[in-house]
Amino acid sequence: MRSSFHCRKVVPVANTTWTRWYSSSDQGEEPDFSPHSTHAKANLTVPDQARVVICGGGVIGWKQCGSLNVAQTLDRMIALKRQHEIAKTLGMECHVVTPSDIKKISPLLKVDDLQGGLWIPGDGRVTAPDVAMVFSRKAKAKGVKIIEGVSIRQVMTENFKVAKVETSAGNIKCEYFVNAAGMWARTLGKKTVPNRVNVPVHACEHYYLVTKPMEGVDSLMPVVRDYDNYIYTREWNGGILAGGFEPNPIPCFHHGVPDKFEFQLLQEDYDHFHVLLNYILNRIPALEEAEVRQVVNGPESFTPDSQWLLGESPEIVNYFIAAGMNSKGIAGAGGVGKFMAEWIVDGYPSENLWAYDIRRFIGHHNNKRFLRDRMQEAFPNHCILKYPREEYTSGRMLRSSPLYTRQEVAGAVFGETMAYERAMYFNLEDDKDKDNKRRMWTFTKPKWFEAVQEEYWACKERVCIMDMSSFLKLELQSTNREVVDFLQYMCSNDIDIDVGSIVHTGMQNERGGHENDCTIARLDKSSFFMICPATQQSKAWAWLTRHMPQNGSVHLRDITSMFTAINIIGPHAQQLLADVTDISTSRSDFRPMTCKKMDVGYASGILAMRLTHTGEDGFILYIPSEYALHVYDILMEAGKDYGVRNAGYYALRHLRIENFFAYWGLDLSEKTTPLECGRGYRVKFDKGDFLGRAALLRQREEGVPQRFVHFQLEDYDVNLDLWPWGGEPIYRNGKYAGLTTTCGFGFALDKMVCLGFISDYDERGQPRIIKNSNDFVMKDAKYEINIAGSRFPAKPSIYTPKQNVAYLDPAFIPAPQKPY
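Residues numbered from 1 in each chain as written. Predicted model: local features only at pLDDT ≥ 70, side-chain atom pairs only at ≥ 80, totals over all residues. Heavy atoms only, no water.

- The name an unreviewed UniProt entry assigns to the protein chain is Pyruvate dehydrogenase phosphatase regulatory subunit, mitochondrial, from the organism Pomacea canaliculata.
- According to the UniProt record, the Sequence similarities (unreviewed entry) comment for the protein chain reads "Belongs to the GcvT family." (UniProt positions renumbered as here; feature names shortened; annotations may be inferred.)

Below you can see the structure in the form of structure tokens.
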């Protein structure tokens, strides 16, 4: 069963009388927001109660009633204002409204406990069964066969590629397979042989009620979402449909969906529904006198992070997934269908969909017990206000390095990535508020600011120890030159380097975009050690295995758990390491971007690399995990004379943002090329053919559609102003130019720093090709970054700030390059 069926009509803001009039309302009478006013119905092209015919295929029950998101707290209002600014860049008509405005838009609502809301007049709703029937008829008209009442027994594969589907009505030879089975998707994935496909979804009970017709319910009553109270409401046949996502959900079908359950419902539990009912009655007091027609309890499937599951599975070629709609299937159906078609036909979607890509998960996320427990958070996540960098609390403590206990004692506050526990920062010794989550998650200056500031300066001025074991570590080997030739084709940088050397490189796709961004060390003539971001575990493995020689000449192995990685950062790192090993660590003997095997204390077989992924001087030690505690203790003891301390990932993030280092999944994606992000110097065109070479050569000749830029905010107070967290609109000379990707305070610069891509958009919102991107960024351009409605001047740069240039990590320093 669906909760709130709505879709969106994009309306350019500049063409709406309502927008222009309301923007000057302080000079005239208050605008009329009542449902039938000219302002509330600006640009309506569909009459009241209209049912729209599409291409002669039938009606879909479209009603453009608008949608209204209300805020009961100041933080929710901030979140809505952030959404408002993003929506405006997409040409969508939307308006931040006051409680009195809300009362005019939807008179039935109680508003005296509200801070405001977000009104989207172009929103509407459709009837999901009608949509399904219309498109099924249109598909049949084009020759598509739809066969009902048939079960799938197995999806057969050959050489890790879809081959045929075995059904209860016979076998079907199949080149492409799409798993869109909803709450059955996980079970269907397990029916793939010989290698199962992971589809992490789990069903939960989902409640809503429907009343009989009520007096005062307007046929154009908007869809109302009161997320602070976990509920949504809408008009339904003259009455009210109201439901929600309660904070105490009930997972269901843990042992499998019963047979023949396609059109059935679950037993109502009025005691459980009572928490939602109280919130519903609070928002619409008139419902106290309403006659309830039905309380519905229907199962819906949800994912571990409340986002859709889309794309090609990492396990099987041509096995696609469109599942885990999280009760938002009809809202996203058009986009999901479009992008899935592109994925199948073109091999990739036209937009960056990493947030929804099935490859963001690993096998652990498909664990049934984990899924059941995670539903306690994922289900109410549809309503609970999620702050920047907020972490899940369920399904934790699965993967951790041997250093976990040491870090916990030292005051570490842990986050989780790909099921790996990572120290994000360490509480200060004089922090009397360690267990209080006050300001822990916020849109303003966070609680951990002072702690991260100390860790940052320790990395800059003394020495820090950072556990980076969660990074993906891969071993690639061959008997002869096969692995060299393979990596030369897969990477845009030159991999045929001296033994003991390290290179940072992108792995490009045919369009020149980044499929991976990694560090590769050559350990022997035919042996390489690759380090990738932790989030790349499924994606990088799939990308490499699908391009490997079919003759088995190249061997790939995931060795992440075999090694604990200790990052030693800071000006005293060289002397500290020298004190605990018998190998010279001087700059002349141990050069940047090289690696050596060494002993530390009593431990042997440690691979040391002179780089830190931050731009600061230092080393990363890849230690056989059985030696990890010994090495850590040795370093901490020896480092007392140098002021050693622990540091977490937040310090690393602030260092790398200030130093203008882009990270895959945060700044880089499949749609960003090295020439667009200032890394053209890492592309070695003269080494021979490699994936993406032709596309990058064209881009070098023609120009780029976007450019990665380092911004420093001016007239900004880090203590008082809202923080940028990524996704803020960037304006160039008053015109929208792009979005920020990652942001963090630059302690050395004493400025808030934002990284992001800018483009020169035409009237249709398409980026123009920029021939000289250096000039476009820097000449005759004034920038502003919009944070929840407030614009701050921003100083641009295309290079690392001079005072932050690291003198020992040349692989991370953008070199002067041609203005692509």
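Structure's up, so let's keep going.
**Quick word on the packing of aromatic side chains**
Right, so step 1: On inspection of all chains with the given rule, the structure shows 33 aromatic pairs.
Right, so step 2: Among the aromatic residues, those joined into a cluster by ring pairs are Tyr-425, Trp-448, Phe-449, Tyr-456, Trp-457, Tyr-650, Trp-723, Trp-725, Phe-745 and Phe-747.
Right, so step 3: Of note, Arg-389 hangs over the ring of Tyr-650, and the distance from its end group to the ring centre comes to 5.0 Å.
Right, so step 4: Here the basic side chain of Arg-791 rests over the ring of Tyr-731, its NZ or CZ set 3.7 Å away from the ring centre. (Phe/Tyr/Trp six-rings, centres within 6.5 Å; stacked < 30°, edge-to-face > 60°. Lys NZ or Arg CZ within 6 Å of the ring centre and 35° of its normal.)

**Examining the sheet that holds strand S33 (residues 729-732)**
Right, so step 1: Sheet architecture is closed into a barrel: six strands sit in the order S32-S35-S34-S33-S36-S37, paired in antiparallel fashion. Taken over all neighbouring pairs, the strand axes of this sheet differ in orientation by 40° on average, direction set aside.
Right, so step 2: Where S33 lies against strand S34 (residues 735-746), four bridges are found, and the strand directions are antiparallel. Looking at S34, one finds that Pro-729 is bridged to Leu-739.
Right, so step 3: Of the strands in this sheet, strand S32 (707-713), S34 and strand S35 (751-758) are in contact with helix H15 (residues 649-658), which crosses S34 at around 130°. (Pairing = 2+ DSSP bridges. Helix = DSSP H or I, 4+ residues; strand = E, 2+ residues; numbered from the N terminus. Axes fitted to C-alpha atoms, helices over the stretch in contact; angles between N-to-C directions. Contact = heavy atoms within 4.5 Å.)

**Examining the pairing of strand S8 (residues 170-173)**
Right, so step 1: Sheet analysis places strand S7 (residues 161-167) next to S8, joined by four bridges and oriented antiparallel. The partner of Thr-167 across the bridge, within S8, is Gly-170.
Right, so step 2: The antiparallel hairpin formed by S7 and S8 contains two residues in its connecting segment.

**Digging into the pairing of S33**
Right, so step 1: Burial along S33 is two-sided: the face carrying Pro-729 and Tyr-731 and the face carrying Ile-730 and Arg-732 are both buried.
Right, so step 2: For S33 and strand S36 (residues 783-787), the ladder comprises three bridges, and the chain directions are antiparallel. Its bridge partner being in S36, Arg-732 is matched across the sheet by Tyr-783. (Buried < 20%, exposed > 50% of the residue type's maximum accessible area, 1.4 Å probe, protein only.)

**Notes on the packing of helix H10 (residues 449-461) against H15**
Right, so step 1: Packing of H10 against H15 brings their axes to within 9 Å, and their N-to-C directions diverge by 60°. The handedness of the crossing between H10 and H15 comes out as right-handed. Taking contact as the criterion, the partners of Val-452, Glu-455, Tyr-456, Cys-459 and Lys-460 in H10 are, on H15, Tyr-650, Ala-651, His-654, Leu-655 and Glu-658.
Right, so step 2: Grouping the amino acids of the contact of H10 with H15 by side-chain chemistry returns six nonpolar, one polar and three charged. (Left-handed = near helix turned anticlockwise from the far one by under 90°. Nonpolar A, V, L, I, M, F, W, Y, C, P; charged D, E, K, R; others polar.)

**Quick word on helix H12 (residues 537-545)**
Right, so step 1: Judged by how many residues are buried, H12 sits mostly within the fold: seven of nine residues are covered.
Right, so step 2: All buried positions along H12 are accounted for by Gln-537, Ser-538, Lys-539, Ala-540, Ala-542, Trp-543 and Leu-544.
Right, so step 3: Contact partners of the buried residues in H12: strand S22 (472-478), helix H11 (482-490), strand S23 (502-508), strand S24 (514-524), strand S25 (527-532) and strand S26 (554-558).

**Side note on the pattern of salt bridges**
Right, so step 1: Per the counting criterion, the structure on display carries 37 salt bridges.
Right, so step 2: The shortest N-O distance in the salt bridge between Asp-617 and Arg-610 comes to 3.2 Å. Here the two residues Asp-617 and Arg-610 agree in accessibility, since each one is buried.
Right, so step 3: Through salt bridges with shared partners, one network takes in Asp-357, Arg-359, Glu-515, Lys-539 and Glu-670. (Salt bridge = Lys/Arg side-chain N within 4 Å of Asp/Glu carboxyl O.)

**What to know about unusual backbone geometry**
Right, so step 1: Note the cis peptide between Val-193 and Pro-194, where omega equals 5°.
Right, so step 2: Along the chain, Pro-194 falls in the loop between strand S10 (192-193) and strand S11 (202-211).
Right, so step 3: Of note, the phi angle at Ala-419 is positive, near 70°, even though the residue is not glycine.
Right, so step 4: The residue Ala-419 is located in the loop between strand S19 (412-417) and strand S20 (420-426) in this model.
Right, so step 5: Taking the relative accessible area as the measure of exposure, Ala-419 reaches 2% and is therefore buried.

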